[in-house]
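Geometric and topological summary
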Amino acid sequence: MLVIASLWQPNILSLNNVLLVLRQTAVSGIMAIGVTFVLMAGRIDLSIGSLLSLCTVTMVLLHGMLGATQAIVVTLCIGVISGCATGFLVGYMRLNSLIATLGMMSILQGVALVVTGGVAPYIMSPDGTWFKVFGRGYVFAIPVPVVIMIGLGLVFALVLNKTVFGRRVAAVGGGEVASRFSAIDSRRIIFATFVISGALTSVAGVVLASRAMMAKTNVGSGYELAVLAGVFLGGTSLMGGSGGIGRSLVGLVILGFLTNALIVFGAPYYAQWITQMMIIIAAVWFEVASRRRSVFA
Amino acid sequence: MSADVKPAADASRFRFLPHMDSASGHLIWAITVALFFLFVAIAPGFLNFLNINSILSEIALFGFLAVALTPVIVSGNIDISVGSVLGMAACLSIVLMPYGIGVAISAALGAGLLAGFMNGVLVEKVGIDSFIVTLATMIGIRGVTFYYIGDRSVMTLDPVFLAIGNSNVGFVPVRTIVLAIIAVLVAWVMHSTSHGRYTFAIGGNRAAAVDAGVRVSRHVIANMMICGLLAAVGGVAMAAQLGSVTPAFGAQYELWGITAVVLGGTRLRGGTGSILGSLGAVATLAILHNGMVLLQVQSFYVPIVIGFALILALVLDRQPTGIVKGGE
């Protein structure tokens, strides 16, 4: 599809445009890495959008008060703490993840509002701080957000595919009872996946804050569903047990290129939503159909 | 409904059937009443006609979605596209008003029914999980609405339409009365028809329902269609009150709807729940919101309180044996 589109508009595959799309995908890509872990363990995390809002506003607020380094540390801590709270509720309290993270979503959005008092904070001199490197810097012409996304993607793909922990995550998602009989503490595994998700979302918050240098209190709202759409497009299952970091990132990049191509062709921005629906359904349909070897259920 | 005696007898083999009287459905009403009297005591101006009217009006806003979602969730599925369907119906009813109020409203409701049918077919006939299907249609239906309307707000001055949305009987808004009638109707369908009983059976144990000869897909699709229709009714009702909407209207309303349904004692894994409980939760949220505003609590704290309430409800509702299904 991408190739067909580029026949009409060769600019789509120009290096600049590819890097632009990747850079726009980076924030949701970093979040998708964590969400993939949660989905692999058979759970879901809807709180990441609000957590992204909270982390971004905290980062921007504290940058002015404490300085960049301290702000980054606090922001990452918030992500980990929120991940621990959600992980405790879903892993140890054994609550339904959809509803528990929906509750966390509401709480975190409220906290973001309380922290800022509803006013969008901004960083006074975006060019005068080394903090700009995370969102606006380049390493050999590659945007730093993309480097962070790919770097974290590689590390966590290794964790998921090559470590005992990664195999345990897939085991818990594939069959929780069986995993318990194999002496896996599924509660701890689930807890850990949510901590990863929270931590990576706070990294995404740092990147987003550095790119925008300001933060509306609801900046992350809707990110959770956009991320999930890309992850499902990549073929990670909602049922747990199957999926992969690379696939999730590819799914998000495809959605990114789709948006980009439609804009290049001059379609209104909402045309991407209709196309997104069709692509998600077509991709998941193809996957379930090939698994059960028939087109209809 | 004597014609339904036979299917009822068949369905009574399922263990999960008579859960309508679950304690949680009544508990939420107890909380509603308690909150009501609490705010009567401590919030100045809570107990006057104008304020009660505004509470009832807020109940109508999310009540339609909660009633719409309950049958779907009881049958073990979920529909997160309701916010988009609500927005689409609201826009359609206003944009088509030049063709007459009857055409406009029926087109809006028809579109909701169609959206529900599409969701149902994709879930049952294509076999994609309902969360993924409705996540996709949530995005797509929003796109279709924008595509049809454009990125602008639309308004109508139709006097009949606005009168329906803004008039009161006594201190009760007409929209709330419509909601009450629909809720009674849906509750009757859920409690007293074979479709309702099969819905509980499917949510309780789908494989057993299939084995017992229940034609599962048509009941699931029917519930999805009811859900789309009622979300559209909610959209039309809001359009009639406001007279003007944007194509982004209704975004994230699905989260409020699901919150209410869960607070009302319906379990997401299916098989239990009641319309009465869902409505009680909507009333609780509306009273809580209204009372907090009257007490001049900063509006920022409202989502925090509601989030904690949701998690607390889950903790209280936790089943001690849930190793296998506890998480889902």
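Numbers given for residues are sequential positions, taken from 1 along each chain in its written order. Naming scheme: in the order in which they are written, chains are lettered from A and ligands are numbered from 1. For a predicted model such as this one, the threshold for reporting local features is a pLDDT of at least 70, and the threshold for listing and counting side-chain atom pairs is 80 or more; totals across whole chains, interfaces and linings nevertheless cover every residue.

1. Observations regarding the overall build of chain B
- Each helix is a run of DSSP H or I of at least 4 residues and each strand a run of E of at least 2, with the numbering of both proceeding from the N terminus. Within chain B, the secondary structure is distributed over 14 helices and four strands.
- Partly exposed residues are those whose C-beta has more than 12 but fewer than 20 other C-beta atoms within 10 Å; 20 or more makes a residue buried and 12 or fewer makes it exposed, with C-beta atoms placed from the backbone. In chain B, which comprises 328 residues, the share counted as buried stands at 52%.
- Whether two residues are in contact depends on their C-beta atoms, placed from the backbone: they are in contact if these lie within 7 Å. For chain B, restricting intrachain contacts to residue pairs at least 6 apart in sequence, the fraction spanning at least 24 positions comes to 81%.

2. Section: the overall build of chain A
- Each helix and strand in chain A was counted, giving 13 helices and two strands.
- On C-alpha atoms alone, chain A measures out to a radius of gyration of 19 Å, which is about the 19 Å that the 2.2 N^0.38 rule sets for 297 residues.
- Dimensions of chain A, computed from the C-alpha atoms along their principal axes, are close to 55 × 50 × 35 Å.
- Across the 297 residues in chain A, those meeting the buried criterion constitute 54%. As defined in this context, the radius of gyration uses C-alpha atoms, and a globule is described by 2.2 Å times the residue total to the power 0.38.

3. Some words on the interface of chain B and chain A
- With 41 residues of chain B at the contact, the number on the chain A side is 42 residues.
- Of all elements in the fold, only helix H5 (101-126), helix H6 (130-149), helix H12 (253-263) and helix H14 (301-316) of chain B reach the threshold of two or more residues within the side of chain B that touches chain A.
- In terms of residues, the side of chain B that touches chain A owes the most to one element, H6(B), which gives 12 residues.
- As a working rule, the residues Ala, Val, Leu, Ile, Met, Phe, Trp, Tyr, Cys and Pro are called nonpolar, Asp, Glu, Lys and Arg charged, and the rest polar, with Gly in that last group. Among the residues making up the side of chain B that touches chain A, the classes are represented as 26 nonpolar, nine polar and six charged.

4. Some details on the confidence of the model for chain B
Residue and element names in this part refer to chain B.
- Each residue carries a pLDDT value, the predictor's own confidence for that position, ranging from 0 to 100. Within chain B, residue pLDDT values average 84, and 89% of them lie at 70 or more.
- Averaged over each element, pLDDT in chain B is lowest for helix H1 (residues 5-11) (39) and highest for helix H4 (residues 82-95) (95).
- In the predicted structure, residues 1-21 sits below a pLDDT of 50 and forms 32 contacts with residues beyond four places in sequence or in another chain.
- In the predicted structure, residues 320-328 sits below a pLDDT of 50 and forms 13 contacts with residues beyond four places in sequence or in another chain.

5. Observations regarding the environment of B:Asn48
- Within the fold, B:Asn48 resides in the loop between helix H2 (23-42) and helix H3 (49-74).
- Taking the C-alpha atoms as reference points, B:Asn48 and B:Phe171, 123 residues apart in sequence, are found 9.9 Å from one another.

6. What about unusual backbone geometry?
- For A:Ala141, which is not glycine, the phi torsion reads 70 degrees and is therefore positive.
- Among the secondary structure elements, A:Ala141 is positioned in the loop between strand S1 (138-139) and strand S2 (142-143).
- One non-glycine residue, B:Gln252, lies in the positive phi region at around 70 degrees.
- Structurally, the position occupied by B:Gln252 is in the loop between strand S4 (244-245) and H12.

7. A word on the nonpolar core
- Ranked by size, the top nonpolar core spans 197 residues in total, and within it A:Ile30, A:Met31, B:Ala89 and B:Val236 carry the most contacts.
- The biggest single contributor to this core is helix H11 (residues 216-242) of chain B, with 16 residues.
- Beyond its immediate chain neighbours, meaning those up to four positions away, B:Ala89 contacts B:Ala108, B:Leu109, B:Ala111, B:Gly112, B:Ala232, B:Gly235 and B:Val236. Residues enter a nonpolar core if they are buried, belong to Ala, Val, Leu, Ile, Met, Phe, Trp, Tyr or Cys, and are joined to the set through C-beta atoms within 7 Å.

8. Let's talk about helix H4 (residues 68-92) of chain A
- To estimate how far a helix should extend, the number of its residues minus one is multiplied by 1.5 Å. In this model, H4(A) (25 residues) spans 35 Å end to end at C-alpha, consistent with the 36 Å of a helix rising 1.5 Å per residue.
- Every buried residue belonging to H4(A) is among A:Ala71, A:Ile72, A:Thr75, A:Ile78, A:Gly79, A:Ser82, A:Gly83, A:Thr86, A:Gly87, A:Leu89, A:Val90 and A:Gly91, and all of these are buried.
- Of the surrounding secondary structure, the elements contacted by the buried residues of H4(A) are helix H3 (48-65), helix H5 (97-116) and helix H10 (186-212) of chain A together with H14 of chain B.
- Downstream of H4(A) by a residue or two, A:Arg94 has a phi angle that is positive, lying close to 60 degrees.

9. Section: helix H9 (residues 194-204) of chain B
- Most of H9(B) is tucked away: 10 of the 11 residues are buried.
- For H9(B), every residue scored as buried is listed here: B:Ser194, B:Gly196, B:Arg197, B:Tyr198, B:Thr199, B:Phe200, B:Ala201, B:Ile202, B:Gly203 and B:Gly204.

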